[in-house]
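Geometric and topological summary
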Protein chains: 2
Amino acid sequence: MIIDKLFEKVAQNGHVCVGLDTDYGYLPPEFAQRYPDIEEGIFQFNKAIVEATLDVAACYKVQIAYYESYGMAGLRAYQRTLALLREKNAVAIADIKRGDIAKTAEMYAKAHFTGDFEADFVTLSPYMGMDSLTPYLPYVQNHNKGIFVLIRTSNEGAKDIEYLPTGNRRVYHVVGERINEIGRDYLGACGYSGIGGVMGCTHADEAAEIRHILASTFFLIPGYGAQGGKAEDIAKYLHNGNGGVVNSSRGILLAYRKQPNGEQHFADCARSEAIRMRDDILNAIHC
Amino acid sequence: MIIDKLFEKVAQNGHVCVGLDTDYGYLPPEFAQRYPDIEEGIFQFNKAIVEATLDVAACYKVQIAYYESYGMAGLRAYQRTLALLREKNAVAIADIKRGDIAKTAEMYAKAHFTGDFEADFVTLSPYMGMDSLTPYLPYVQNHNKGIFVLIRTSNEGAKDIEYLPTGNRRVYHVVGERINEIGRDYLGACGYSGIGGVMGCTHADEAAEIRHILASTFFLIPGYGAQGGKAEDIAKYLHNGNGGVVNSSRGILLAYRKQPNGEQHFADCARSEAIRMRDDILNAIHC
């Protein structure tokens, strides 16, 4: 199962998920001059970043919103980026946060698990309920695909719905438990399920409990760095050094802006930042 | 504001929202033979449906999942369908149910309110919280755009999160009230807000209360027909004969399958079904 491949990648390369949230404005000016075409520029930038980070990243998360914002040209760059990741044998998470039901959800599953936009994992939003996940499950079972469902996010607005009290818990506890329960039917050899969850690394005080209750749920963890998430908090959401990947997007893509003459070697800067982040997390685990 | 245009369309044409959830398999066989190309076939089918229903529909809802499922070709058909709706001065709702935050949400807003995929309204999912709506609001304020936020849906799984009890209410009550509150800053001349809500027409017993509490929220109502929603239930979610549109997708697109030789005149069959549905709702309002 794909979750076993991701588990292995973490064991080999560490926990970094490189977020390819590529705005054309992120391209260093000289590079942008060489690739004035949106599709080509974004794709070539991604290619340089991917090639520089392959052995120090667990996986790549491609945020489709950035590509959609450039219309058809952006989506061609999205398609080519996913093809590149497949060619490189990298694990690709399509961050699409779709959430719909019945035939519409079937169409989303087809869209993002086959064809032009094929990825290994997709992210999903659970608001409409657990039947919004159903059409993805046959792909998890039979086609080496996986999903990450939003459980708890690290933004300010998370309090509006995710944190609403219900019974003696909060909405995100209910969602997490349902995901973990459904996921038990889709366990990989590594012990984690192909049904993962997005879990912000805030509220480190309840991390141990969450990791214990959602024992077979692999976490996609946002919020590292710029959003305030610290390596020691992240470590608490892991188990025996695995069980989660940690996304960083701008921190890696724009690392070159913090280095003298970084523009000249932006991909090296991305690699250095990925290594720094990888080691930051590994050190926190071993503390 | 765009909500005033939608209000006027309802007053003129009734409440039908034609759902262009177009699967290539919906094309009558002879029509499909004439247009074997996915992009062209889907676009030409949509064009025939739109031209046959313009004066009997309030608006069109284009479900992007169907188009995404055909990859780049499907998205070209999506782009051309939205361009056609603009050319026809029809109101277009992009049913995208996106839900993300910060710069990602900005990118989605740019993607679906400008450029290749420009629509009048988008649907959004509120799970991540009210800050996931923020980037769309300047478009509502200044660029004649609107949003419909998922409040309560009509699927079985709605009970999993939307119906969770919180305090003495349910999650969807909280969402509805927040939407209505935010929406008060974006009222059109018609009294309704550019911030609307998706409201399934189930639970007709609390319809009057919901319509009263969410007084300035315009509803996009799914679930008519095939999903069990009746015109008399829908009428309870309206106010003075306006304040909502009612989606039907397959009921209209595939109306031809219920008529003898319907395939030969599928667009006329769609028109007849839209008229039947329009009158069904108008009759229920006047009862």
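Small disclaimer: the values here were computed from a predicted structure and weren't measured.

The rules behind these values
- Residues numbered from 1 in each chain as written.
- Chains lettered and ligands numbered in written order.
- Predicted model: local features only at pLDDT ≥ 70, side-chain atom pairs only at ≥ 80, totals over all residues.
- Heavy atoms only, no water.
- Contact = heavy atoms within 4.5 Å.
- Buried area = accessible area lost by both parts, 1.4 Å probe.
- Salt bridge = Lys/Arg side-chain N within 4 Å of Asp/Glu carboxyl O.
- Polar contact = N/O pair within 3.5 Å; in protein donor to acceptor, adjacent residues only side chain to side chain.
- Helix = DSSP H or I, 4+ residues; strand = E, 2+ residues; numbered from the N terminus.
- Buried < 20%, exposed > 50% of the residue type's maximum accessible area, 1.4 Å probe, protein only.
- Least-squares fit on C-alpha atoms with pLDDT ≥ 70 in both.
- Expected span 1.5 Å × (residues − 1).
- Pairing = 2+ DSSP bridges.
- Axes fitted to C-alpha atoms, helices over the stretch in contact; angles between N-to-C directions.
- Parallel < 35°, antiparallel > 145°, perpendicular 65-115°, else oblique.
- Left-handed = near helix turned anticlockwise from the far one by under 90°.
- Nonpolar A, V, L, I, M, F, W, Y, C, P; charged D, E, K, R; others polar.
- Disulfide = S-S within 2.5 Å.

Moving on, we come to the interface of chain A and chain B. Between chain A and chain B, the contact holds 57 residues from the first and 57 residues from the second. A combined buried area of about 4700 Å² lies between chain A and chain B, and 58% of that area is made up of carbon and sulfur atoms. Counting every contact that joins chain A to chain B gives 8 salt bridges. We note a salt bridge from Asp160 of chain B to Arg178 of chain A, for which the minimum N-O separation is 3.2 Å. At the surface where chain A touches chain B, the tally comes to 31 residue pairs in polar contact (both at pLDDT 80 or more).

Turning our attention to the environment of Arg86 of chain A. All names here are of chain A. Here Arg86 is to be found in helix 5 (residues 71-87). For Arg86, a relative accessible area of 39% translates into the label partly exposed. Counting along the chain gives 33 residues from Arg86 to Ala119, while the straight-line C-alpha distance between them is 8.2 Å. At 2.8 Å, the side chain of Arg86 and the backbone oxygen of Glu118 are in polar contact.

Attention now goes to the relation of the copies chain A and chain B. The transformation that overlays chain A on chain B combines an axial shift of 0.0 Å with a rotation of 180°, and the residual RMSD is 0.0 Å. Viewed as a symmetry operation, the transformation between the two copies matches a two-fold axis. Nearest to the rotation axis, the C-alpha of Thr166 of chain A is located 2.4 Å from it, this being the minimum over chain A.

Our next topic: helix 3 (residues 38-53) of chain A. Residue and element names in this part refer to chain A. If you check helix 3, its first and last C-alpha atoms are 23 Å apart, about what 16 residues at 1.5 Å a residue would give, namely 22 Å. Taken as a whole, helix 3 has its buried residues at Glu39, Gly41, Ile42, Phe43, Gln44, Phe45, Asn46, Ile49, Val50, Ala52 and Thr53. In this structure Asp37 caps helix 3, since a side-chain oxygen of it lies 3.4 Å from the backbone nitrogen of Glu39.

Here we come to the pattern of salt bridges. Residues and elements named next belong to chain B. Per the counting criterion, the structure on display carries 39 salt bridges over all chains. Where Arg80 meets Glu39, a salt bridge forms, and the shortest distance between an N and an O atom there is 2.9 Å. Here the residue Arg80 occupies a position in helix 5 (residues 71-87), and Glu39 occupies one in helix 3 (residues 38-53), the gap between them amounting to 41 residues. One salt bridge connects Lys159 with Asp160, and the closest N-O pair in it is separated by 3.5 Å.

Before going further, it helps to examine the sheet that holds strand 8 (residues 195-199) of chain A. Remark on secondary structure: sheet strands pair via backbone hydrogen bonds, oriented parallel or antiparallel. All names here are of chain A. Ordered in space as 1-2-3-4-5-8-9-10, the 8 strands form a closed barrel in which the pairing is parallel. The mean angle between the axes of side-by-side strands here comes to 30°, regardless of whether they run parallel or antiparallel. The pairing of strand 3 (residues 92-98) with strand 4 (residues 121-124) spans 3 bridges and is classified as parallel. Bridge pairing in strand 4 links Arg98 to Leu124.

Residues and elements named next belong to chain B. Contact pair helix 3 / helix 5: the axes reach a minimum separation of 8 Å and the direction vectors enclose 25°. When the interaxial angle is binned, helix 3 and helix 5 end up roughly parallel. Considering only the axes of helix 3 and helix 5, their crossing is right-handed. From helix 3, Glu39, Glu40, Ile42, Phe43, Gln44, Asn46, Lys47 and Val50 reach across to helix 5, where they touch Ala73, Arg76, Ala77, Arg80, Thr81, Leu84 and Leu85. Classifying every residue of the contact of helix 3 with helix 5 gives 7 nonpolar, 3 polar and 5 charged.

So, about the state of the cysteines. Residue and element names in this part refer to chain A. What the rule picks out here adds up to 0 disulfides over all chains. Cysteine Cys190 remains unbridged, with the sulfur of Cys59 as its closest cysteine sulfur at 13 Å. For Cys287, which is in no disulfide, the shortest distance to another cysteine sulfur is to Cys201 and amounts to 16 Å.

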